[in-house]
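Below are the chains, spelled out letter by letter.
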Amino acid sequence: MNRNLVKALQVAWELPEFRSGLRHLIDLDEVALLLATLSVADHDREVERSLLNLLRSALDTTEIREAVLLLLEQDEVRRPLVAAAVEPLADRPGQAAAIASAAEDPVVRREMRAVLDSAKVRELIWQAIDNQVSDNRFGLIRQVAVLFVRHPSVRRLVWAMRRHGVLRELRRNP
């Protein structure tokens, strides 16, 4: 699992606004334990799968998805998350700047919401994640192609992120 994502999730978890927004929807102790375990370098794949299953069920629950998306619209929640996510990218300042720029763009956030609101798209995203975790590159490429070809919301999100240079920076060799 991407350590930047884990770090960003930990930062979000420490924000009182984030926790209070989700308190009545999920077991906060379970999430805190999973995040703490993931922050250790020597965790096993089962811990990653547990977190992915938790994230999947959260995204499939309308109330949780909406709560998280509304919280991410708030500058005081979004900005520390983005800062935590790009902090490890100090050796790649172009990528960090592109990600930060895209996160601040309301068009990108609107397109992200459109992508996550579609159950079909979420299912394809989870299949792609499963392929990545299983090191199935062919399956991952296939799922990404299907997402891009069949779902206009994904294409719009990709083009919105492209305007900020995210795709260009992801292609650059470290």
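In what follows, the structure referred to is the one given above.
Residues numbered from 1 in each chain as written. Predicted model: local features only at pLDDT ≥ 70, side-chain atom pairs only at ≥ 80, totals over all residues. Heavy atoms only, no water.

## Some thoughts on the environment of Ala58
Here is step 1 of the chain: Residue position: Ala58 is located in helix H4 (residues 45–60).
Here is step 2 of the chain: Other than its neighbours up to four places away in sequence, Ala58 contacts Ile64 and Arg65. (Helix = DSSP H or I, 4+ residues; strand = E, 2+ residues; numbered from the N terminus. Contact = heavy atoms within 4.5 Å.)

## Description of the packing of helix H8 (residues 106–117) against helix H11 (residues 152–162)
Here is step 1 of the chain: Between H8 and H11, the least distance of the axes is 9 Å, while the angle of their chain directions is 155°. Classified by the angle between their axes, H8 and H11 sit roughly antiparallel to one another. The two elements H8 and H11 cross, and the hand of that crossing is left-handed. In contact with Val107, Val108, Glu111, Met112, Ala114 and Val115 of H8, H11 contributes Ser153, Val154, Arg156, Leu157, Ala160 and Met161. (Axes fitted to C-alpha atoms, helices over the stretch in contact; angles between N-to-C directions. Parallel < 35°, antiparallel > 145°, perpendicular 65-115°, else oblique. Left-handed = near helix turned anticlockwise from the far one by under 90°.)

## Here's the deal with the nonpolar core
Here is step 1 of the chain: If you look at the biggest cluster of nonpolar residues, it comprises 12 residues: Ala98, Ala102, Val108, Val115, Val121, Leu124, Val146, Leu147, Val154, Leu157, Ala160 and Val166.
Here is step 2 of the chain: When residues of this core are traced back to their parent elements, those giving at least two are helix H7 (93–104), H8, helix H9 (119–133), helix H10 (137–150) and H11.
Here is step 3 of the chain: Per element, the largest residue contribution to this core is 3 residues, and it comes from H11.
Here is step 4 of the chain: One finds Trp13, Leu15, Leu71 and Leu81 within the second-largest nonpolar core, a separate group that totals 7 residues. (Core = buried A, V, L, I, M, F, W, Y, C linked by side-chain atoms within 4.5 Å. Buried < 20%, exposed > 50% of the residue type's maximum accessible area, 1.4 Å probe, protein only.)

## Description of the pattern of salt bridges
Here is step 1 of the chain: Under the definition given, this model contains 12 salt bridges.
Here is step 2 of the chain: Here Arg65 and Asp117 are joined by a salt bridge, their closest N and O atoms 3.5 Å apart. Taken as a pair, Arg65 in helix H5 (residues 62–72) and Asp117 in helix H8 lie far apart in primary sequence, 52 residues in all.
Here is step 3 of the chain: Taking the relative accessible area as the measure of exposure, Arg65 reaches 7% and is therefore buried.
Here is step 4 of the chain: By relative accessible area, which is 36% here, Asp117 ends up partly exposed.
Here is step 5 of the chain: Here Glu111 ties to Arg156 by a salt bridge, and the two come within 3.0 Å at their closest N and O atoms. Taken together, the residues Glu111 in helix H8 and Arg156 in helix H11 connect sequence positions 45 residues apart.
Here is step 6 of the chain: Several salt bridges share partner residues, and in doing so they unite Asp75, Arg78, Arg79 and Glu104 into one network. (Salt bridge = Lys/Arg side-chain N within 4 Å of Asp/Glu carboxyl O.)

## Some thoughts on unusual backbone geometry
Here is step 1 of the chain: Even without being a glycine, Asp135 presents a positive backbone phi close to 55°.
Here is step 2 of the chain: What makes Asp135 exposed here is its relative accessible area of 62%.

## As for the side chain of Arg92
Here is step 1 of the chain: Relative to the helices and strands, Arg92 is located in the loop between helix H6 (75–86) and H7.
Here is step 2 of the chain: Of the side chains bearing the opposite charge, Glu169 lies closest to the buried Arg92, which forms no salt bridge; the N-O distance is 5.3 Å.
Here is step 3 of the chain: A polar contact is formed between the side chain of Arg92 and the backbone oxygen of Glu169, at a distance of 3.0 Å. (Lys, Arg positive; Asp, Glu negative; His and termini not counted. Polar contact = N/O pair within 3.5 Å; in protein donor to acceptor, adjacent residues only side chain to side chain.)

## A closer look at the packing of H6 against H7
Here is step 1 of the chain: Their axes nearest at 10 Å, the elements H6 and H7 cross at an angle of 160°. Taken as axis vectors, H6 and H7 run roughly antiparallel relative to one another. The chirality of how H6 crosses H7 is right-handed. Contacts from Arg78, Arg79, Val82 and Val86 of H6 reach H7 at Ala96, Ile99, Ala100, Ala103 and Glu104.
Here is step 2 of the chain: In the contact of H6 with H7, the residues fall into 6 nonpolar, no polar and 3 charged. (Nonpolar A, V, L, I, M, F, W, Y, C, P; charged D, E, K, R; others polar.)

## Some details on the side chain of Gln95
Here is step 1 of the chain: Tracing the chain through its elements places Gln95 in helix H7.
Here is step 2 of the chain: Using a relative accessible area of 9% as the deciding quantity, one classes Gln95 as buried.
Here is step 3 of the chain: Setting aside residues no more than four positions away along its own chain, Gln95 makes contact with Leu89, Glu169 and Leu170.

None of this, on its own, says anything about what the molecule does.
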